[in-house]
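# Summary of the model geometry
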Amino acid sequence: MPQEQDRITSQTGPEEESQGLGRVDADVTGQMDDLDAVLDDIESTLETNAEEYVNRFVQKGGE
Amino acid sequence: MPQLRQERVAGAEDDPSHGAHDHDFSRIFGIETEYGVSVTGTARPCDAGQVAMTMFRPVISRARSTNTYLANGARLYLDVGSHPEYATAEARDPMDALAQDAAGERVMARLAMDAQRTLRETHGPDATVHVFKNNVDSEGHSFGCHENYLVRRAVPLDVIERELIPFLVTRPLFSGAGRVTRDGFQITQRADFLDDAVSSATTRSRPMVNTRDEPHADAERFRRLHVIVGDSNRSQVATWMKLATTHLVLCIIEEHRRTGGMSPFAGCALADPGAAIKAVSRDPSGRARLALADDVPVCRDRTALDVQRIYLAAAQRFVADHAAAAETILPGAAQVLELWESALEAIACGDWMSLAGWVDWAAKRRFVEAMTRRHPDIGFARLEQLDLAYHDIANGNVVPSLERHGSLRRLIDDAGVTRAVDEPPQDTRAALRGAFVARALRAGAQWSCDWTHVALTAPHRVECELLDPFDATPTDDYRNVMAALD
């Protein structure tokens, strides 16, 4: 299997025709530091009334 | 992707009963996703039906129906129980199906934001529409993400049940979307809501695999396998892996049917798939012991990990046996096997966190646990909210943030999603349907279509059947329809 360019990142640049079939790296140890940043993002946007958020989501069953 | 045309059986053009694709591994993939909807930030509650109808106003005004098809060949409609639903156009490659599924998220998000603008006029400036790509609401109503695979009809239903379901029951180890519950974290959304293994009914029971014969293809040669047991995935890699691994398993089942002998999956048939998937769902270590069917020789039970290892080993053998054609049978096959193996190994040694880059339940669990460490007195409602926010494709910030910070991997970037919103796959009949819809919309024509048929309905009816999902070649009838649209 020929080595393919690593295109599996969070980049948003233009893709080549093969639509990003680069190597999907299973190692995320480098991303543990970013988890704090993610939590900050989430906390700044999540609505404060959790009960209302949850209880407002009621559907009937699907197929 | 024209490669598969070369595999046409010799003489097939002379003998219409001897079809192309009877003996190869080409497949049509489709994903149908039922979305959940809600509105928060309003003084008066707004029920799901109201939100969904508001989202679908532009669809109704254009199509005079809550059911329509799009220029990318997809079907967009409002389902039973007020679920906006998106069914992807036919794809021959799991990556194309993924791109179309991501296009569906974008289409839904746009409808949601337009509906939000409308609702803010009547329900206040804080009205916020949520569109959940998930499988359970707050009251335990469940709904689906259904995969469709075209399989060769030569494989009997009971063989599919016996040989595929153990794989589907244990697949959540890497395809599960996870769910926060009062009794702990489950790795699937749906396990508590599925009981029967295979059923022909779809509304009363909750079958895992549905094989009603509406193949939207030649019914003599194909059947449409409708898999209901899967979770809705946010991770693009998980969606790709879900389709790709299932495809490999179906290839093995089909090939074994042709060649005969003992099935590689004979030792996996489960005594009770419904109980098994519940056990799998509650055990992120993969060590839950699943009872095997009485007629399985020697073994009484197997762990979920062992079942998956059997399927993985068979897939590795299959890809090795077909090494020259592997990239045609499944583009990216080597990478699929690598990811599959690494997932099972990580789970086996308790290192599930290393899968947070692509396994939805691992990503969700990791961030929920991190939030709990940050706020040790976090309430259950807040955890449920975080779970739902993970699935909100309209106003959810969890997945975008995980992607932005490189925590969750993508395979299709924004430009690729835009292309998939605008264009169908070019190597299936979706290309014909999509081009028809695009032209009909530009012409302001009156039209209708479904999976196997397109029609201009006024001033005269001009129509054409599209019976072969593998065929993107315009016929004379199709050309007549397109010409009439000019």
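Residues numbered from 1 in each chain as written. Chains lettered and ligands numbered in written order. Predicted model: local features only at pLDDT ≥ 70, side-chain atom pairs only at ≥ 80, totals over all residues. Heavy atoms only, no water.

Helices and strands together make up the secondary structure of chain B, namely 16 helices and 16 strands. Taken over C-alpha atoms, the radius of gyration comes to 23 Å for chain B, in line with the 23 Å a tight globule of 486 residues would show. Over its C-alpha atoms, taken along the principal directions, chain B stretches across nearly 65 × 65 × 40 Å. Buried positions account for 63% of the 486 residues belonging to chain B. Contacts spanning at least 24 positions in sequence make up 68% of the contacts within chain B whose residues lie at least 6 apart. (Helix = DSSP H or I, 4+ residues; strand = E, 2+ residues; numbered from the N terminus. Rg over C-alpha atoms; globule rule 2.2 N^0.38 Å. Buried < 20%, exposed > 50% of the residue type's maximum accessible area, 1.4 Å probe, protein only. Contact = heavy atoms within 4.5 Å.)

Turning our eyes to something else, we now look at the sheet that holds strand E16 (residues 462-465) of chain B. Residues and elements named next belong to chain B. Reading across the sheet, the 3 strands line up as E14-E15-E16 and stay open at both edges, with antiparallel pairing between neighbours. The strands lining the two open edges of the sheet, one partner per strand, are strand E14 (447-450) and E16. Between one strand and the next, the sheet's axes are offset by a mean angle of 5°, whatever the strand orientation. Bridge count for strand E15 (residues 453-456) against E16 is 4 bridges, and the pairing is antiparallel. Among the inter-strand pairings, alanine 455 is bridged to a residue of E16, identified as glutamate 463. Helix H15 (residues 430-443) contacts E14 and E15 of the sheet and is inclined by roughly 165° relative to E14. (Pairing = 2+ DSSP bridges. Axes fitted to C-alpha atoms, helices over the stretch in contact; angles between N-to-C directions.)

Turning next to the nonpolar core. The tendency in soluble globular proteins is for nonpolar side chains to be buried side by side. Residues and elements named next belong to chain B. Grouped together as the largest cluster of nonpolar side chains are 142 residues, with contacts concentrated most on Val131 and Trp340. It is helix H3 (residues 94-123) that provides the largest number of residues to this core, a total of 13 residues. Leave out the neighbours within four places in its chain, and valine 131 touches Tyr35, Gly36, Val37, Met55, Met108, Ala112, His391, Asp392, Ile393 and Ala394. In terms of nonpolar packing, the next biggest core, distinct from the first, is built from 18 residues, Leu432, Trp451, Tyr478 and Val481 among them. (Core = buried A, V, L, I, M, F, W, Y, C linked by side-chain atoms within 4.5 Å.)

Before going further, it helps to spend a moment on the pattern of salt bridges. Throughout the structure, instances matching the rule amount to 29 salt bridges over all chains. Across the pair arginine 374 of chain B and aspartate 36 of chain A runs a salt bridge whose closest N-O atoms are separated by 3.5 Å. A residue pair is termed interchain when its members come from two chains, as with arginine 374 of chain B in helix H11 (residues 360-374) and aspartate 36 of chain A in helix H1 (residues 34-45). For arginine 374 of chain B, a relative accessible area of 29% corresponds to the partly exposed category. On the basis of relative accessible area, aspartate 36 of chain A is assigned to the partly exposed category, the value being 47%. Residue arginine 374 of chain B pairs with glutamate 43 of chain A through a salt bridge whose shortest N-O separation is 2.7 Å. (Salt bridge = Lys/Arg side-chain N within 4 Å of Asp/Glu carboxyl O.)

With that settled, consider the sheet that holds strand E10 (residues 209-210) of chain B. Residues and elements named next belong to chain B. Overall, antiparallel pairing links the 7 strands, which are arranged E3-E4-E5-E1-E7-E11-E10 in an open sheet. Taken across any chain shown, the strands that pair with only one partner, and hence form the sheet edges, are strand E3 (67-69) and E10. Lying on the sheet, H3 is in contact with strand E1 (29-34), strand E4 (75-79) and strand E5 (83-87); it crosses E5 at an angle near 150°.

All names here are of chain B. Those residues of helix H1 (residues 48-55) that fall on the buried side of the exposure criterion are Ala48, Val51, Ala52, Thr54 and Met55. Buried residues of H1 fall within an arc of 160° about the axis and therefore sit on the same side. Those residues of H1 that are buried lie in contact with strand E2 (36-40), helix H2 (57-63), E4, E5, H3 and strand E6 (128-132). Sitting at the head of H1, aspartate 47 places a side-chain oxygen 3.0 Å from the backbone nitrogen of glycine 49. (Arc of directions from axis to C-beta. Polar contact = N/O pair within 3.5 Å; in protein donor to acceptor, adjacent residues only side chain to side chain.)

This next bit is on the pairing of E1 of chain B. All names here are of chain B. In terms of burial, E1 is largely enclosed, as 6 of its 6 residues are buried. Here E1 shows a buried face lined by Phe29, Ile31 and Thr33 and a second buried face lined by Gly30, Glu32 and Glu34. When E1 meets strand E7 (residues 145-152), the two strands line up antiparallel, connected through 5 bridges. Looking at the pairing, isoleucine 31 lines up with glutamate 147 of E7. By the bridge criterion, 3 bridges tie E1 to E5 in an arrangement that is antiparallel. Bridge pairing links glutamate 34 to glutamate 85 in E5.

Here we come to the confidence of the model for chain A. Residue and element names in this part refer to chain A. Predicted confidence across chain A gives a mean pLDDT of 63, with 43% of residues reaching 70 or more. Within the model, the stretch residues 1-23 combines pLDDT values under 50 with 50 contacts to residues more than four positions away or in other chains. Counted against residues more than four places away or in other chains, residues 26-30, with its pLDDT under 50, gives 7 contacts. (pLDDT = per-residue confidence, 0-100.)

Our focus in this paragraph is the packing of aromatic side chains. All names here are of chain B. Throughout the structure, instances matching the rule amount to 15 aromatic pairs over all chains. Relative to tryptophan 451, the ring of tyrosine 69 has its centre 5.4 Å away and its plane inclined at 85°; by these criteria the two rings are edge-to-face. Note that tyrosine 69 is positioned in strand E3 and tryptophan 451 in the loop between E14 and E15, a separation of 382 residues in sequence. Judged by relative accessible area, tryptophan 451 falls into the buried class, the value being 14%. Both rings, one in phenylalanine 167 and one in tyrosine 311, keep their centres 5.5 Å apart while their planes meet at 45°; by these two values the pair is tilted. Taken together, the positions of phenylalanine 167 in helix H4 (residues 157-170) and tyrosine 311 in helix H8 (residues 304-321) put the pair 144 residues apart, joining distant regions of the chain. Take phenylalanine 167: its relative accessible area is 0%, and that puts it in the buried class. (Phe/Tyr/Trp six-rings, centres within 6.5 Å; stacked < 30°, edge-to-face > 60°.)

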